[in-house]
Amino acid sequence: MASTLPSRRSFLTLAGLTALSVSMTAACGGGEAGGRPSADGKVRFEWWNIATTEPGKSLFPQISSAFTTAHPNIAINTTSLENEAFKSKLTATTSSGKLPDVFQTWGGGVLQQQVDAGLVEDLTDLLDWSSELTPVSLQAYQFDGRTYAVPYDIGMVGFWYNKKLFARAGITAPPATWAELLDDVRKLKAAGITPIALAGKEKWPGHYYWAYLAMRVAGLPALQKAATTKDFTGDGFVRAGAHLKELVDLQPFQTGFLGAGYATPGGQAATMGNGKAAMELMGQWGPSVQKDAGADLGADLGFFPFPTVDGGVGKATEVFGGGGGFALRKGAPKEALDFLKFFVLENESKLLASNGYLPVVKGAEKQLTDANKKVVAESLVRATGFQLFLDQAYPPAVGQEVNDSVADLIAGKKTPEQVTASITEAAKSA
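Below, the structure is looked at part by part. (Residues numbered from 1 in each chain as written. Predicted model: local features only at pLDDT ≥ 70, side-chain atom pairs only at ≥ 80, totals over all residues. Heavy atoms only, no water.)

## Some details on the overall build of the chain
Along the backbone of the chain there are 17 helices and 11 strands. The C-alpha atoms of the chain give 22 Å as radius of gyration, which agrees with the globular expectation for 430 residues (22 Å, within 12%). Its C-alpha atoms give the chain principal-axis dimensions of roughly 75 × 45 × 35 Å. The proportion of buried residues among the 430 residues of the chain is 55%. Of the contacts made within the chain by residues no fewer than 6 positions apart, 76% connect residues no fewer than 24 positions apart. Entry remark: accessible area of the chain is about 16,800 Å², with carbon and sulfur atoms responsible for 51%. Taken as two groups, the 39 positive and 42 negative side-chain charges of the chain have centres that lie 3 Å from each other. (Helix = DSSP H or I, 4+ residues; strand = E, 2+ residues; numbered from the N terminus. Rg over C-alpha atoms; globule rule 2.2 N^0.38 Å. Buried < 20%, exposed > 50% of the residue type's maximum accessible area, 1.4 Å probe, protein only. Contact = heavy atoms within 4.5 Å. Areas by Shrake-Rupley, 256 points an atom, 1.4 Å probe, with all protein chains shown as cover. Lys, Arg positive; Asp, Glu negative; His and termini not counted. Charge placed at Lys NZ, Arg CZ, Asp CG, Glu CD.)

Below you can see the structure in the form of structure tokens.
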């Protein structure tokens, strides 16, 4: 789960930082992290990751050891940090103009700032194996047709629902349109069932609704254009907020949702896992957190994509989500890229078997046995478009404003028009 949670930490301005001068091809051969020669003649590089919980905590070192055993002339110095601690440390080291040779990235706005500062290796012409990866898994790491990281995990947000509670409310099939979703909310409330669990306190889960509605109403090109023009006041974005207000006005969330956390006791995941709400809009990690925070719904748990909106241009096959990848600093040893190839291609089966990751290699979804992960992976295979989490896709200040303003709309403190005006103001100031 940690690899897919959105970033909410401010990123220091990178303007004026100089690129490290050693090219990747020039850096091959003996050396330690940073390109300096090592006394034992080994190629050494730094690897920063966020594998502090299982399965990565055990699996990542196993993969690293297997690589260095097969390549005794290579040594990997590994640093594993918790999600937010990692972001804080990487921000600090980036501001000094230095990055570790291989480092965790979620792509989007932060990676683009690092790229614009000349600190990240352009992998486009070096990834002669990129055709083996699913196109959707690469999108978060691509800018202007160039690729700057290698994915190892990919996922999407959708509705997890309790089949038993749907049946109790007389709902025979998941909703395909927004209007049907609203009708189902009414049916659930009439049956005395809380329709939706939401972690209102943490804000980022709420932004999923506005982002998906913007995708369904205005379309993916509109979101991409807004990122460039820094203008989110278009009619499609306002209508997205209006549709979200339609849902909020039905009072679909659990009692006390504005103070609820996500994975905390009594929070969103626990409410869903304990069968006290019929739905939650969450990423592919949803079932595991439901189980940890509450209980395992087992066969009663189902998944459906975010509905389409009547009159909107977006399709149900356009998905919203994120994943995890690794980027290389400018001038990292070429052996670092060899390691990433080994990590992703030769260990995809181990990553999937650990039940902690979703496939980025074409055809690997057939290896999945977990029903929930399989349905998400198959949705990703069929995806015709992809949008990264908005608080990752946009510069951090803009992503934070999306979270804050949408939270205010859900709390009844902002109108749909005020939401788009606030996001636009943040974008123009970023």
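Back to the write-up after that little detour.
## Some points on empty space enclosed by the protein
The tally for this structure, following the rule as stated, stands at two cavities of 30 Å³ or more. Approximately 40 Å³ is the volume found for the second largest cavity. Taken together, W106, S137, A140, Y141, D153, I154, G322, G323, G324, F386 and L388 make up the full set of residues lining the second largest cavity. Elements supplying a minimum of two residues to the lining of the second largest cavity: β6 (150-156), β10 (318-328) and β11 (385-388). The leading source of residues in the lining of the second largest cavity is β10, at three residues. (1 Å grid on protein atoms, 1.4 Å probe; cavity = no way out; pocket = protein on both sides within 12 Å on 5 of 7 lines; lining within 4 Å. Points joined across faces, edges and corners; volume = space filled by probe spheres on them.)

## Some points on the sheet that holds strand β8 (residues 279-282)
One open sheet accounts for three strands, arranged β8-β7-β9; its pairing is antiparallel. Each of the sheet's edge strands pairs with one partner strand only, and the pair in question is β8 and β9 (301-304). In this sheet, neighbouring strand axes are inclined to one another by 25 degrees on average, regardless of whether the strands run parallel or antiparallel. Two strands pair when backbone bridges link them, and strand β7 (residues 158-162) and β8 are joined in this way by four bridges, in the antiparallel orientation. Bridge pairing in β8 links G158 to M282. (Pairing = 2+ DSSP bridges. Axes fitted to C-alpha atoms, helices over the stretch in contact; angles between N-to-C directions.)

## Focus: unusual backbone geometry
In the segment running from E54 into P55, the intervening peptide bond is cis, with an omega of 10 degrees. With respect to the element layout, P55 can be found in the loop between β1 (43-49) and α1 (56-70). We note that K230 has phi near 60 degrees; this positive angle belongs to a residue other than glycine. As for its position among the elements, K230 is in the loop between α8 (220-229) and α9 (235-249).

## Some thoughts on the nonpolar core
Proteins that are soluble and globular tend to have nonpolar side chains buried together. By size, the foremost hydrophobic cluster in this structure holds 130 residues, and its most contacted members are F60, W210, L244, M279 and F343. Residues in contact with F343, not counting those within four places in the same chain, are W47, F60, I63, Y152, F326, E348 and L351. (Core = buried A, V, L, I, M, F, W, Y, C linked by side-chain atoms within 4.5 Å.)

## Focus: the pattern of salt bridges
Counted under the stated rule, the structure contains 13 salt bridges. The residue D101 makes a salt bridge to R329 at a minimum N-O spacing of 2.7 Å. With D101 in the loop between α2 (83-95) and β3 (102-105) and R329 in the loop between β10 and α12 (334-345), this residue pair connects regions lying 228 residues apart in the sequence. Each member of the salt-bridge network shares a partner with another, and the members are D122, D125 and R146. (Salt bridge = Lys/Arg side-chain N within 4 Å of Asp/Glu carboxyl O.)

## Side note on the packing of α9 against helix α16 (residues 396-410)
In the contact formed by α9 and α16, the axes pass within 9 Å of each other and the chain directions differ by 45 degrees. As far as their axial angle goes, α16 and α9 are oblique. Along its contact with α9, which presents G241, L244, K245 and V248, the element α16 presents V406, L409 and I410. (Parallel < 35°, antiparallel > 145°, perpendicular 65-115°, else oblique.)

## Re the packing of aromatic side chains
This model, assessed by the stated rule, comprises 38 aromatic pairs. Ring geometry for Y152 and Y357: centres 5.9 Å apart, planes at 65 degrees, overall edge-to-face. One end of the pair, Y152, is in strand β6; the other, Y357, is in the loop between α13 (348-353) and α14 (371-381), and 205 residues separate them in sequence. For the pair Y152 and Y357, one class covers both residues: buried. The ring of W106 has K87 sitting right over it, with the charged end atom 4.8 Å from the ring centre. (Phe/Tyr/Trp six-rings, centres within 6.5 Å; stacked < 30°, edge-to-face > 60°. Lys NZ or Arg CZ within 6 Å of the ring centre and 35° of its normal.)

## Here we look at the environment of Q367
Among the structural elements, Q367 can be located in the loop between α13 and α14. As for Q367 and A353, which are separated by 14 residues in sequence, their C-alpha atoms are 8.2 Å apart. The residues contacting Q367, other than those within four sequence positions of it, are S349 and L352. Within the local environment of Q367, its side chain forms a polar contact with the side chain of S349, the two groups lying 3.0 Å apart. (Polar contact = N/O pair within 3.5 Å; in protein donor to acceptor, adjacent residues only side chain to side chain.)

## What to know about the packing of α1 against α12
Following both chains from N to C, one finds α1 and α12 inclined at 120 degrees, their axes separated by 10 Å at the closest point. Classed by the angle they form, the pair α1 and α12 counts as oblique. For α1 against α12, the interelement crossing comes out right-handed. The segment α1 lies against α12, with F60, I63, S64, A66 and F67 engaging E335, D338, F339, F342 and F343. Classifying every residue of the contact of α1 with α12 gives seven nonpolar, one polar and two charged. (Left-handed = near helix turned anticlockwise from the far one by under 90°. Nonpolar A, V, L, I, M, F, W, Y, C, P; charged D, E, K, R; others polar.)

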